[in-house]
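Inside the fold
Next come the chains, spelled out residue by residue.
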Amino acid sequence: MPSTTTASTVSTASTALNYRAIRQARRPQGRPTAADFEIVSSPIPTLAPGEILVRNLAQSVDPYMREAMHWGGWEKGFGLEGRALGRVVASKDPVIAEGSIVFHRHSWATHAVVAKADIRVLTVPEGVPLTAYLGILGGTGLTAYVGLKRVAELQPGEDLFISAAGGGVGTAAARIARVMGAGRLIGSTGSSTKAKHLMEHIGFDAAIDYHAATPLADQLRAAAPDGIDVYFDNVGGTHLEAAISILRHSGRIAWCGAVAQYDDLENPPAAPANLYDIVGKALRLEGFLVRDHLDAREEFESFLIPHIISGAVPVDETIVHGFGNTVDAFVAMLGGGNVGKMVVTFEES
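If you're wondering where the values come from, they're calculated on a predicted model, not measured in any experiment.

For the rest of this paragraph, the subject is the packing of helix H2 (residues 139-151) against helix H8 (residues 297-310). For the pair H2 and H8, interaxial distance at closest approach is 10 Å and the crossing angle is 95°. Between H2 and H8, the interaxial angle falls into the category roughly perpendicular. Where H2 abuts H8, its residues Gly141, Leu142, Tyr145 and Lys149 lie against Arg297, Glu299, Phe300 and Phe303. Residue composition of the contact of H2 with H8, by class: four nonpolar, one polar and three charged.

Glancing now at the side chain of threonine 189. The residue threonine 189 is located in strand S11 (residues 185-189) in this model. Excluding its chain neighbours within four sequence positions, the residues that come into contact with threonine 189 are Gly166, Lys194, Ala195, Leu198, Ile208, Asp209 and Tyr210.

Glancing now at the pairing of strand S4 (residues 51-60). Counting buried positions along S4 yields nine of 10 residues, so the element is predominantly enclosed. Pairing of S4 with strand S8 (residues 111-115), which is carried by five bridges, proceeds in the antiparallel orientation. Note that in S8 the partner of valine 54 across the bridge is alanine 112. When S4 meets strand S6 (residues 79-91), the two strands line up antiparallel, connected through seven bridges. Bridging from a neighbouring strand, alanine 58 pairs with leucine 85 of S6. Two strands pair when backbone bridges link them, and S4 and strand S17 (residues 341-345) are joined in this way by three bridges, in the antiparallel orientation. Within S17, the residue paired with glutamine 59 across the bridge is valine 344.

Evaluation of the coordinates by the stated rule reveals 12 aromatic pairs. For the pair phenylalanine 37 and tryptophan 108, a centre-to-centre distance of 5.4 Å together with 15° between the ring planes defines the contact as stacked. Of this pair, phenylalanine 37 sits in strand S3 (residues 37-43) while tryptophan 108 sits in the loop between strand S7 (101-107) and S8, placing them 71 residues apart in sequence. Take phenylalanine 37: its relative accessible area is 3%, and that puts it in the buried class.

What follows concerns helix H1 (residues 64-71). For H1, the full list of buried residues reads Met65, Arg66, Ala68, Met69 and His70. Where H1 is buried, its residues meet strand S2 (18-24), S3, S4, S6 and helix H9 (326-334).

Let us look at the environment of glycine 50. Within the element layout of this structure, glycine 50 appears in the loop between S3 and S4. Note on glycine 50: relative accessible area 26%, which makes it partly exposed. As for glycine 50 and glutamine 219, which are separated by 169 residues in sequence, their C-alpha atoms are 56 Å apart.

Attention now moves to the sheet that holds strand S14 (residues 247-255). Judged by pairing direction, the sheet is parallel, and its six strands sit side by side in the order S12-S11-S10-S13-S14-S15 without closing on themselves. The strands lining the two open edges of the sheet, one partner per strand, are strand S12 (206-209) and strand S15 (284-287). Mean inter-strand twist for the sheet, computed between neighbouring axes without regard to direction, equals 15°. One ladder, built from four bridges, connects S11 with S12; its direction is parallel. Residue pairing for S12: glycine 187 is matched across the bridge by alanine 207.

Here the focus is the environment of serine 192. Topologically, serine 192 is positioned in helix H4 (residues 192-202). On the basis of relative accessibility, which here comes to 53%, the residue serine 192 falls in the exposed class. Linking serine 192 and histidine 211, residues 19 residues apart in sequence, is a C-alpha distance of 8.6 Å.

The next subject is the pattern of salt bridges. Per the counting criterion, the structure on display carries 14 salt bridges. Among the ionic pairs, glutamate 158 bridges to arginine 252, the shortest N-O distance being 2.6 Å. One end of the pair, glutamate 158, is in the loop between H2 and strand S10 (160-162); the other, arginine 252, is in strand S14, and 94 residues separate them in sequence. In terms of burial, glutamate 158 and arginine 252 fall into one category: buried.

Further remarks concern empty space enclosed by the protein. Tallied over the full model, the rule gives one cavity of 30 Å³ or more. Taken as a whole, the largest cavity holds about 40 Å³ of empty space. Around the largest cavity, the lining residues are Gly135, Ile136, Thr140, Gly168, Thr171, Ala172, Asp316 and Lys341. Of all the elements, helix H3 (residues 168-179) adds the most residues to the lining of the largest cavity, at three residues.

Quick look at the confidence of the model for the protein chain now. Confidence in the prediction for the protein chain averages 92 pLDDT; 93% of positions are at 70 or higher. Here residues 1-15 scores under 50 on pLDDT; set against residues more than four positions off or in separate chains, the count is 30 contacts.

Below, the discussion takes up the side chain of glutamate 158. By relative accessible area, glutamate 158 is classed as buried at 14%. Engagement of the side chain of glutamate 158 in a polar contact is seen with the side chain of arginine 252, the distance being 2.6 Å. If near-sequence neighbours (up to four positions away) are discounted, glutamate 158 is found in contact with Glu153, Ala182, Gly183, Arg184, Asp229, Val230 and Arg252.

Criteria and cut-off values
Residues numbered from 1 in each chain as written. Predicted model: local features only at pLDDT ≥ 70, side-chain atom pairs only at ≥ 80, totals over all residues. Heavy atoms only, no water. Axes fitted to C-alpha atoms, helices over the stretch in contact; angles between N-to-C directions. Helix = DSSP H or I, 4+ residues; strand = E, 2+ residues; numbered from the N terminus. Parallel < 35°, antiparallel > 145°, perpendicular 65-115°, else oblique. Contact = heavy atoms within 4.5 Å. Nonpolar A, V, L, I, M, F, W, Y, C, P; charged D, E, K, R; others polar. Buried < 20%, exposed > 50% of the residue type's maximum accessible area, 1.4 Å probe, protein only. Pairing = 2+ DSSP bridges. Phe/Tyr/Trp six-rings, centres within 6.5 Å; stacked < 30°, edge-to-face > 60°. Salt bridge = Lys/Arg side-chain N within 4 Å of Asp/Glu carboxyl O. 1 Å grid on protein atoms, 1.4 Å probe; cavity = no way out; pocket = protein on both sides within 12 Å on 5 of 7 lines; lining within 4 Å. Points joined across faces, edges and corners; volume = space filled by probe spheres on them. pLDDT = per-residue confidence, 0-100. Polar contact = N/O pair within 3.5 Å; in protein donor to acceptor, adjacent residues only side chain to side chain.

Structure below.
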């Protein structure tokens, strides 16, 4: 059986012959802690024909993982399911060369044993950081693009409100909306410091601290006195209710997340009291999952990569170094301790 230790006490060192992985030890009560995880360590198995050994270089920690902790079935490979980038260090597949940089979903581990079907070989253009493929060029950015382009059908000049605007999807949505020609851009976040950052560095015209004493709906009306055309919802709850109250006739809501309820999924917030306004205003609310829109990836990358290379779209990310700091990064992300995408990088050996 693999040996286990508490997540917070693990060294970040690893060897070529052994993997270390983080797994869920129990269902959290409220916000996850290090005690909800365990580290396992075991020899890397001998590769079978067709298998590929990847040394992970970086991985993503995301809000949806909190929901996965509640429902179970999060395990994948050595560790847990999640987006990761790595280098092929051994290959029993003639098509996949050693040294290739690949994207896969066997994360929360120092290594992964995968098949060709599990990976996407990346060719990273000059001027694009590798970690962008976990953030604005990964599922995070694709979520933002699909929500704005396909679901909300954002048009040039239209006004947009984004909740959880300081996170990975929120900042990506703001950057993409700007190059799509959006009009007034309003965001919500969890502190006055982050609200200031959104306006000074991300390009928001107004930013709301939803923890402030003034009710969220009142702050939103003050920020958008003439209303909004589109709401990109990462939160649900009172944010959705506030957005419905100021959406113009025929406005659209692209809903992809509900971080307001992830820590207490068995007691979700009440539905918006003004839900019937969707009928009166002829609003359109559509939920979506990025996994249903993977066919948009080539179009998305062709659209965005030139803007990243030119510098028109910066890569917003918070980097945490060291495999042993993965749990801390995850918990910090859930508490709003990041601006842009939260990424954990590992030392390459």
